[in-house]
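# A structural walkthrough
Chain by chain, the residues run as shown.
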Amino acid sequence: MADQGQQVKDLTPEDVAKGMAEGRYLLVDVREPNEVAAEAYPGAVVVPLSSFDPRQIPDPRGKQVVFACRSGKRSVTASLAAQAAGLAYDRHLAGGILAWKAAGLPTRAGG
C-alpha cells in the first residue's frame, strides 16, 4: 500500500522516556522560551515553533528525533514541517508535557 503523504506517529510518554534513557531518542521541545522557562523536559533541546527552522535541530547522531510541546498539537505541526523540509522526523510525544506529567515523569524548572 503506497503511503499517501506525511504521517506523524504518536509515542506515549513512557515510550519517549524509555527511548531517551536508552539513548535512542532526541527530544525536541517546540514550545516557546517562556513556557520552557516555567517547566522543561529534562534532556530536551528547544527549537520554538514560532521561529521553527528544521535546520536548527541538532544532528541527532543516530537517534530518532521526537517532537514535544504542551498538549501534542504543535509537535505534529513541527514534525510535518520537518518532513516537508526532507527530514524523516515523523514521531511526536502524544499529549505533550501534560501527558508527560500525568504519567508521573519528571520535569525541571528553567529552560
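Scope of this entry: the structure provided in the associated data block.

## Quick look at the pairing of strand 2 (residues 25–29)
- With respect to burial, strand 2 is a largely interior element, 5 of its 5 residues being buried.
- Residue alternation in strand 2 divides its side chains into two sets, Tyr 25, Leu 27 and Asp 29 and Leu 26 and Val 28, and both sets are buried.
- Pairing between strand 2 and strand 4 (residues 64–68): 5 bridges, direction parallel. Counted as the bridge partner of Leu 27 is Val 66 from strand 4.
- Across 2 bridges, the pairing between strand 2 and strand 3 (residues 45–46) is parallel. Bridge pairing links Val 28 to Val 45 in strand 3.
- Crossover strand 2 to strand 3 through helix 2 (residues 33–38) is right-handed.

## Observations regarding the environment of Cys 69
- Looking at the element boundaries, Cys 69 is found in the loop between strand 4 and helix 3 (74–84).
- Remark: the alpha-carbon pair of Cys 69 and Tyr 41, spanning 28 residues in sequence, is separated by 9.5 Å.
- Apart from the residues within four sequence positions on either side, Cys 69 is in contact with Asp 29, Val 30, Arg 31, Tyr 41, Arg 74, Ser 75, Gly 96 and Ile 97.

## Here we look at the sheet that holds strand 4
- Pairing is parallel in the open sheet, where 5 strands are placed in the order 1-5-4-2-3. Two strands lie at the open edges of the sheet, namely strand 1 (9–11) and strand 3, each paired on one side alone.
- Contacting strand 4 and strand 5 (91–93), helix 3 runs over the sheet at an angle of about 140° to strand 4.

## A look at the nonpolar core
- One finds Val 16, Met 20, Leu 27, Tyr 41, Val 66, Leu 93 and Trp 100 to be the most contacted residues of the largest nonpolar core, which totals 13 residues.
- Put simply, the parts of the chain that give this core at least two residues each are helix 1 (13–21), strand 2, strand 4 and helix 4 (96–102).
- Among the elements that take part in this core, helix 1 stands out by supplying 3 residues, more than any other.
- Not counting the four nearest positions on each side in its chain, Trp 100 is found in contact with Pro 13, Val 16, Ala 17, Met 20, Tyr 41, Pro 42, Leu 93, Leu 105, Pro 106 and Thr 107.

## Some words on the pairing of strand 4
- Counting buried residues along strand 4, 4 of its 5 residues qualify, which places the element largely inside the surrounding structure.
- By the bridge criterion, 2 bridges tie strand 4 to strand 5 in an arrangement that is parallel. Within the sheet, the bridge partner assigned to Phe 67 lies in strand 5 and is His 92.
- Each parallel crossover has a hand, and for strand 4 linked through helix 3 to strand 5 it is right-handed.

Thresholds, definitions, all that
Along each chain, the written sequence defines residue order, and numbers are assigned to residues from 1. Residue-level local features of this predicted model are given only where pLDDT is at least 70; pairs of side-chain atoms are given and counted only at 80 or more, and the full residue set underlies all totals for whole chains, interfaces and linings. As a convention, hydrogens and water are excluded, and side-chain values are obtained from all of the structure's heavy atoms. The cut-offs for exposure are 20% and 50% of the maximum accessible area for each residue type, with area from a 1.4 Å probe on protein chains only; residues under the lower value are buried, those over the upper are exposed, and the others partly exposed. Secondary structure follows DSSP: runs of H or I at least 4 residues long count as helices, runs of E at least 2 residues long count as strands, and numbering of each begins at the N terminus. Any two strands between which DSSP finds at least two bridges are classified as paired. Classification remark: right-handed applies to a crossover when, strands pointing away from the viewer, the course from the first strand over the helix to the second runs clockwise. The contact rule is simple, with two residues in contact once any of their heavy atoms fall within 4.5 Å. Angles here are taken between N-to-C directions and fall from 0 to 180 degrees, while the axes themselves are lines fitted to C-alpha atoms, restricted in helices to the stretch in contact. The term nonpolar core refers to a set of buried residues drawn from Ala, Val, Leu, Ile, Met, Phe, Trp, Tyr and Cys, joined through side-chain atoms within 4.5 Å.

Purely spatial values, then, with no claim about function.
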